[in-house]
Structures are given as C-alpha cells and as structure tokens.
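# Survey of secondary and tertiary structure
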Amino acid sequence: MADFEPKIIAFCCFYCAYSAADLAGSLRLQYPANIRVIEMPCSGKTDIRVLLEAFEEGADGVYVLGCMEGDCHFLKGNFRAKHRVQQAKKILDDIGIGGERLEMYNLSAAMGPRFAEIAREFTDRIRKLGPSPLRTKTTTTPEKTSPGQGANL
Amino acid sequence: MIIAEGKPLAEVAGLIKEAKKVLVVGCGGCVTVCLAGGEKETGILAAELRLLRQKEGNPLETVEVTLTRQCDPEYVEMLDKYVTDDVDAIVSLACGVGVQFLAERYNKWVVPAMNTKFAGGTVEHGVWEERCGLCGECILYKTGGICPIIRCSKSILNGPCGGSQGGKCEVNPDTSCAWQLIYDRMQALGKLDLLLEIQPPKDWSKSRDGGPRKVVREDVKIDA
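Residues numbered from 1 in each chain as written. Chains lettered and ligands numbered in written order. Predicted model: local features only at pLDDT ≥ 70, side-chain atom pairs only at ≥ 80, totals over all residues.

### What about the overall build of chain A?
Summing up its helical and strand segments, chain A has 5 helices and 5 strands in all. Looking at chain A alone, contacts between residues at least 24 apart form 80% of all its contacts between residues at least 6 apart. (Helix = DSSP H or I, 4+ residues; strand = E, 2+ residues; numbered from the N terminus. Contact = placed C-beta atoms within 7 Å.)

### Remarks on the overall build of chain B
Within chain B, the regular secondary structure consists of 8 helices and 9 strands. Taking 17 Å as the expected radius of gyration for a compact globule of 224 residues, we find that chain B reaches 22 Å, considerably beyond that expectation. Dimensions of chain B, computed from C-alpha atoms along their principal axes, come out at roughly 65 × 50 × 25 Å. Counting only contacts in chain B whose residues sit at least 6 apart along the sequence, the fraction spanning at least 24 positions is 55%. (Rg over C-alpha atoms; globule rule 2.2 N^0.38 Å.)

### Things to note about the sheet that holds strand E2 (residues 35-40) of chain A
Think of a sheet as strands paired side by side through backbone hydrogen bonds, with each pair either parallel or antiparallel. Residues and elements named next belong to chain A. Strand order in the open sheet formed by 4 strands is E2-E1-E3-E4, and the pairing between neighbours is parallel. The open sheet has two free edges, formed respectively by E2 and strand E4 (102-106), since each of these has just one partner strand. Taking the axes of each pair of neighbouring strands and ignoring which way they run, one obtains an average angle of 20° across the sheet. Here strand E3 (residues 61-66) runs beside E4; their pairing, made up of 5 bridges, is parallel. Residue Tyr63 lies in a different strand from E4, and its bridge partner there is Glu103. Sheet contacts for helix H3 (residues 77-95): E3 and E4; angle to E4, the most-contacted strand, approximately 160°. (Pairing = 2+ DSSP bridges. Axes fitted to C-alpha atoms, helices over the stretch in contact; angles between N-to-C directions.)

### Structural notes on the interface of chain A and chain B
Taken together, the contacts link 24 residues of chain A with 28 residues of chain B. Broken down by secondary-structure element, the contributors of at least two residues to the side of chain A that touches chain B are helix H2 (48-56), H3, helix H5 (133-137) and strand E5 (144-149) of chain A. Considered class by class, the residues forming the side of chain A that touches chain B number 11 nonpolar, 6 polar and 7 charged. (Nonpolar A, V, L, I, M, F, W, Y, C, P; charged D, E, K, R; others polar.)

### Notes on the nonpolar core
Side chains that are nonpolar tend, in soluble globular proteins, to be buried together. Counting residues in hydrophobic clusters, the biggest one holds 86 residues, and the most contacted among them are Cys13, Ala17, Leu65 and Phe115 of chain A together with Val31 of chain B. Among the elements that line this core, the one with the most residues is helix H3 (residues 39-55) of chain B, at 7 residues. Apart from residues no more than four positions distant in its own chain, Ala17 of chain A is found in contact with Cys12, Leu65, Leu107 and Phe115 of chain A. Ranked by size, the runner-up nonpolar core spans 11 residues in total, among them Cys152, Cys169, Trp179 and Tyr183 of chain B. (Core = buried A, V, L, I, M, F, W, Y, C linked by C-beta atoms within 7 Å. Buried ≥ 20, exposed ≤ 12 C-beta atoms within 10 Å, placed from the backbone.)

### Topic: H3 of chain A
In an α-helix there are 3.6 residues to a turn, and that puts residues three or four apart on one side. Taking 1.5 Å per residue, 19 residues should reach 27 Å; H3 of chain A reaches 27 Å between its end C-alpha atoms and fits that length. Along H3 of chain A, the residues that are buried comprise Gly77, Asn78, Ala81, Arg84, Val85, Ala88, Ile91, Leu92 and Ile95 of chain A. Buried residues along H3 of chain A cover an arc of 125° about the axis, so they all sit on one side. Exposed positions of H3 of chain A whose direction lies more than 90 degrees from the buried face are His83, Gln86 and Lys90 of chain A. Where the residues of H3 of chain A are buried, they touch H2, E3 and E4 of chain A together with H3 of chain B. Positive phi appears at Gly96 of chain A, one or two residues downstream of H3 of chain A, with a value of about 100°. (Expected span 1.5 Å × (residues − 1). Arc of directions from axis to C-beta.)

### Thoughts on the pairing of strand E2 (residues 21-27) of chain B
Residue and element names in this part refer to chain B. Of all 7 residues making up E2, 6 are buried, and the element is well covered by its neighbours. In terms of strand pairing, E2 meets strand E4 (residues 89-92) through 4 bridges, oriented parallel. When the bridges of E4 are listed, Val24 appears paired with Val91.

### Examining the confidence of the model for chain B
With 100% of its residues at a pLDDT of 70 or more, chain B shows a mean pLDDT of 95. Predicted as a complex, the structure gets a pTM of 0.89 and an ipTM equal to 0.83. (pLDDT = per-residue confidence, 0-100.)

### Some details on unusual backbone geometry
Glycine aside, negative phi is the norm for most residues, and most peptide bonds take the trans geometry. For the bond from Gly159 of chain B to Pro160 of chain B, the omega torsion is -5°, close enough to zero to count as cis. By the secondary structure assignment, Pro160 of chain B is in the loop between helix H6 (148-151) and strand E8 (164-165). We note that Leu75 of chain A has phi near 70°; this positive angle belongs to a residue other than glycine. Positive phi is not limited to glycine here, since Leu35 of chain B has a value of about 55°. Note on placement: Leu35 of chain B falls in the loop between helix H2 (30-33) and H3. Leu35 of chain B gets classed as partly exposed once you count the C-beta atoms within 10 Å, which come to 16.

Here you go:
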C-alpha cells in the first residue's frame, strides 16, 4: 500500500477556496499533488449526483470547500452544501464505500495556508483508508445511459 | 399531489439483485415536485445502484429515463424504445400508479423504488403533510376547509373527541386537533351555527368501501 497515490477531487467555491488555492500557490506552499481542483460558482452548487459520480469515475476521496459559515456570497450556499454532503456521506455508508471518504471544510479566501493544510490532512486520511473499494473490484466502468427527460424522448 | 418517499437503497438493490441491466424510470409528475422520483433523484438512485454493484464486483448497467408522467399511457409509450430484450428489470420512481402502468405495459420485472405515502402538500421546503383522505365525497364546505377525515386521527365527523387537549391530538402532541381547528375557523368566519346543523351519516360507499374506484367521463372520451 506504500505506493498508493490517492486520487482526490476538491470541489472549490470560487469566492473562498479557489482564491485560497491561488494564494497558496503565490505563497509557494507545498501540498500533495493528489488534489484535482474543480471550481464552483458557490459551494451551494454541490450536487449529490456529481459527488457520487466522482467516486464512480475513480476518485478515492472527495471534499467540498465552502466559505466560512455566515460568509457565503449567496448567503446560504455553504449551509446547503453542508446538508447535501451529510446526505451523500450517508449514501456512501449505505453503499459501503464509506462516508469518511467525503468531507466538507470551510475556509476564507485569505486562508492559503489552511487550503494547503486541508489538502495534506485529507490526503493523509485517504492514504490511510486505502484505495476506494470500487478500484479493486472492476477495471471497467459499467455502462450508463441517460437519454433525458420526456421532451427528448 | 401524491407524496412518495424513496425506499432504502438496500431494499431496492435486493429487488433487482438478479438483473444485469435495469431501466431506471423517473416520473415528471407529483414525485418530481416532492423531490422523490424526478430526473435528479433518478440519476442519484441509478448512481447508487451502480456504485453498490460495482463494489460487489457485479457491475450493473443502467439506463435512466424520466417520463413526463407514468400515469398516462401516451407518456408510458415513450419508454417502448428503451425496453429492449436485454433489460432485465425496470425500477420505477413513480408512485404506485406509475409502477402498475409500467407493469401492465411491459412483460418485464417491474419494481417500485418508492413508498407511496399520501395525498398532501408542501408546508415548507422539505416538509410535506397529508391533507386529503380521498374519501370520494368532499365535505370541506361543512368544516371550514379543514378535512376531519384525514386530519383527525379518528376521522370522526362529530369531534372533537375527549382526546383533544390544548388544541392538540392525544395521538401525537405535534398534531393539531382537526376539530379544534375547524371550530376555531368556523368561529372566525362567524359560521358556528353551521356546526349545529344535524348531518346525515356520510356515504362511505363512495370511498374504498366498494372496491377499486373508477371515473368515467363520456364527454371527454375520444372513441365515440
């Protein structure tokens, strides 16, 4: 397991974490290269389906970064994200992937060092948990088709 | 609308454990509005089932389709092209009506992904309450627009009963006594005298008493 390099997806709110990541870069802070950052207009864009898809597509861990509570640019986006992440954690527990592979953190745009710290902390956690149980089971992703809603049929 | 709630994932997964390819069918009607079985929930359920099966080393192929409604044959027909020979089961996220319409049309193993709960409405985002008992003969004009059939725990027509305490029902302290609500409302409307009128017994033959019900409207039938 020593050579296991986790694949981690970080969904970052544009107003805090995304800028914090920039700051971490400007400060030349080192953090694990396992993190794939995805920009969101607000953590309130968090969608359970997308979180599950990340795991389906091979992520070992996923985290959502939103603004400090009470500081959301859109007032309540980070609280909505928090509830959705909690629900998605329950789903992951049900499936047996484990809710601990998903987390939500809050930070501000000025917290570049905290961004790097979260990246290290979460990567350590996933490294300890090992690869996603899905990775070892099948090499091919099962087929999925979604032709869409009534109008497109 | 009809309020439904998703069954636990393990239960749905158990119902299709033999299947290799399933059609996961959402409904654009009531269950979309009550956030239980619309396009989004269909996507989530399909992803959950795929992940679960992938973890078990027995991958599941899913096809997601959300019909405008599952309780109208013209929309159900649109599913025909997706119900191919290699589909082993159909998972319906509609209410019990949709599940039956699919089961009637296709010679496939059709399973419900929802528990259909009641006829109700949204009281706040994420909270739904029962409002109609579907009794077949509406008496809301007698009770100030508050239904004693479904909102009174005993469905009594001459309440309140002795279990009404401080405006709450003895069955559950969170439930308002329907008859207290009715009395208060009639009082506010200045129509308390209507409650003193002698009422004939309710005709329950229009409810579930006579078996499954049917409504026929000759004026709107197409084949004359």
